[in-house]
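Coordinate inspection notes
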Amino acid sequence: MEQPLDQDACWRAAVARDARFDGRFFTGVTSTGIYCRPVCPARTPKRENVVFHPTAAAAEEAGLRACLRCRPETAPEMGAWRGTSNTVSRALALIEAGALDRGDAEALATRLGMGERQLRRLFRQHLGAAPVSVAQTRRVLLAKQLIHESDLSMAEVAMASGFGSVRRFNETFQALYGRAPSDLRRRKVEGEPGGVIKINLSYRPPYDWTAMMTTLAIRGVADEAVVDGIWTRRLRIDVDGTDGSVTVRPAAMGRAAVEARVYELKALPGVLARVRRVFDLAADPEAITRDLSADPVLRAAVEARPGLRPAGDWIDAGEDAPSDRLATTDVGLLARAERWRPWRAYGALYWTLIEERRDDEAA
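This section reports on the structure supplied with the text. (Residues numbered from 1 in each chain as written. Predicted model: local features only at pLDDT ≥ 70, side-chain atom pairs only at ≥ 80, totals over all residues. Heavy atoms only, no water.)

1. Description of the overall build of the chain
The number of helices and strands found in the chain is 16 helices and nine strands. The C-alpha radius of gyration of the chain comes to 21 Å, within 12% of the 21 Å expected for a compact globule of 363 residues. Here the chain holds 363 residues, and 48% of them are scored as buried. Counting only contacts in the chain whose residues sit at least 6 apart along the sequence, the fraction spanning at least 24 positions is 66%. Total accessible area on the chain stands at roughly 17,400 Å², and carbon and sulfur atoms take up 51% of it. (Helix = DSSP H or I, 4+ residues; strand = E, 2+ residues; numbered from the N terminus. Rg over C-alpha atoms; globule rule 2.2 N^0.38 Å. Buried < 20%, exposed > 50% of the residue type's maximum accessible area, 1.4 Å probe, protein only. Contact = heavy atoms within 4.5 Å. Areas by Shrake-Rupley, 256 points an atom, 1.4 Å probe, with all protein chains shown as cover.)

Have a look at this one:
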């Protein structure tokens, strides 16, 4: 059973503006109707006016709107539920790829092999919100980020964030923010709308970019390449719903700079979801380090090389969570790796480092 948020611990983190908790919960301010990140620079509200929510979707389902100052859409995408439910992980991956933009919750539940009521219960338990609310929040926050960071027109933002129609997009923002979406853009757009879409995706440091780019460069996947520290993927309409390309490079700490050239804007959410999967941007390094360090053999390697992450597949049809996959037939290793759950994929990376060091010492 998922543990509820410790409201007092969240309050202490919010008062301290502790960056370690960014993305782990959101602060709902009932007196203003706004929800914020724990690191929001605004004046700390009164304790009696604050309720903490595990996800942005839970906050929005409670009738709150995203803060325009701290921009919850830029928080690291993660939560305490990660690693605890393969079904929720798979459902979120489908939602991020637009499953509820094209279908309903019942169809999503069928794809997952369960009933809609059971799926809603799991989402309530792990995310504090229903699947449709999670999908709506994803659309709103992506649209809000595109308004702030891209040069897309409002009509293009509506399509690129999964709303399907400009009218629905306008009505949603009017209901949430009491203003037209164009009023949220506080800068002048330079150049023509469209073209390359530039957006930053957040992650929680540390991140070993050198190791990740090396892995992506040598794995030899079709349509992918790494040149001068920049990863590029060719997009194909039969796979991605659009032709074009996407590039990723490290930016400021906690940010991956993404440039996407898509000819079908409605394909953008799916492309961004796959980028997050390939680069494992939703990982929780703190939890991974804590759990893997419990193995005395791994502890030194984890401390020496923080931020290692397994490269994900662009198309992933696996039933299990990528974080817990272990590709080995070594009976001894399989038995030892049981203590690494739900982070066996990360444990395997550090185990390989240890084995390589042993081989070098023996040579």
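Still more ground to cover, so stick around.
2. As for the nonpolar core
Counting 50 residues, the largest nonpolar core has Leu-146, Phe-169, Phe-173, Trp-231, Val-246, Val-275 and Phe-279 as the members making the most contacts within it. For this core, the leading source of residues is helix 7 (residues 131-149), giving six residues. Residues within four places of Trp-231 in sequence aside, it is in contact with Met-213, Leu-216, Glu-224, Ala-225, Val-226, Val-246, Thr-247, Val-248, Val-275, Val-278, Phe-279 and Trp-314. (Core = buried A, V, L, I, M, F, W, Y, C linked by side-chain atoms within 4.5 Å.)

3. Focus on the sheet that holds strand 9 (residues 255-262)
Read across the open sheet, the five strands follow the order 5-9-8-7-6; overall the sheet is antiparallel. Looking at which strands have only one partner, the edges of the open sheet turn out to be strand 5 (197-202) and strand 6 (224-227). If you compare each strand with its neighbour and ignore which way they point, the axes differ by 20° on average. Summarising the sheet, strand 8 (residues 244-250) and strand 9 pair through seven bridges and their orientation is antiparallel. Residue Val-246 lies in a different strand from strand 9, and its bridge partner there is Ala-260. Taken strand by strand, helix 12 (residues 268-278) contacts strand 5, strand 7 (230-235), strand 8 and strand 9, and its axis lies near 40° from that of strand 5. (Pairing = 2+ DSSP bridges. Axes fitted to C-alpha atoms, helices over the stretch in contact; angles between N-to-C directions.)

4. Some points on the packing of aromatic side chains
Per the counting criterion, the structure on display carries 15 aromatic pairs. Between Trp-231 and Trp-314 the ring centres are 6.0 Å apart and the planes differ by 45°, which places this aromatic pair in the tilted class. You can see Trp-231 sitting in strand 7 and its partner Trp-314 sitting in the loop between helix 14 (296-304) and helix 15 (331-337), a full 83 residues away along the chain. The buried category is assigned to Trp-231, whose relative accessible area is 0%. Site record: aromatic cluster; members linked through ring pairs are Tyr-203, Tyr-207, Trp-209, Trp-231, Phe-279 and Trp-314. (Phe/Tyr/Trp six-rings, centres within 6.5 Å; stacked < 30°, edge-to-face > 60°.)

5. What about the pattern of salt bridges?
Across all of its chains, the model carries 26 salt bridges by this definition. With a shortest N-O distance of 2.6 Å, Asp-101 and Arg-139 are connected by a salt bridge. Within this pair, whereas Asp-101 is found in helix 4 (residues 99-102), its partner Arg-139 is found in helix 7, the two being separated by 38 residues in sequence. The exposure class of Arg-139 is buried, given its relative accessible area of 3%. The salt bridge partner of Arg-219 is Glu-224, with a shortest N-O separation of 3.2 Å. Residue classification places Arg-219 among the partly exposed positions, given a relative accessible area of 24%. Because the salt bridges share partners, they merge into one network encompassing Arg-71, Glu-73, Lys-144 and Glu-149. (Salt bridge = Lys/Arg side-chain N within 4 Å of Asp/Glu carboxyl O.)

6. As for the packing of helix 3 (residues 86-96) against helix 6 (residues 116-127)
Contact pair helix 3 / helix 6: the axes reach a minimum separation of 10 Å and the direction vectors enclose 100°. Viewed along their axes, helix 3 and helix 6 adopt a mutual orientation that is roughly perpendicular. Contacts between helix 3 and helix 6 pair Thr-87, Val-88, Ala-91, Leu-92 and Ile-95 from the former with Leu-119, Leu-122, Phe-123, His-126 and Leu-127 from the latter. Residues of the contact of helix 3 with helix 6, tallied by class, amount to eight nonpolar, two polar and no charged. (Parallel < 35°, antiparallel > 145°, perpendicular 65-115°, else oblique. Nonpolar A, V, L, I, M, F, W, Y, C, P; charged D, E, K, R; others polar.)

7. Brief notes about the sheet that holds strand 4 (residues 65-66)
The strand order across the open sheet formed by four strands is 3-1-2-4, and the pairing between neighbours is mixed. A strand with exactly one partner marks an edge of an open sheet, and here the two such strands are strand 3 (50-53) and strand 4. Here strand 2 (residues 34-36) runs beside strand 4; their pairing, made up of two bridges, is parallel. Residue Tyr-35 lies in a different strand from strand 4, and its bridge partner there is Ala-66.

By themselves, these are just geometric observations and shouldn't be taken as functional.
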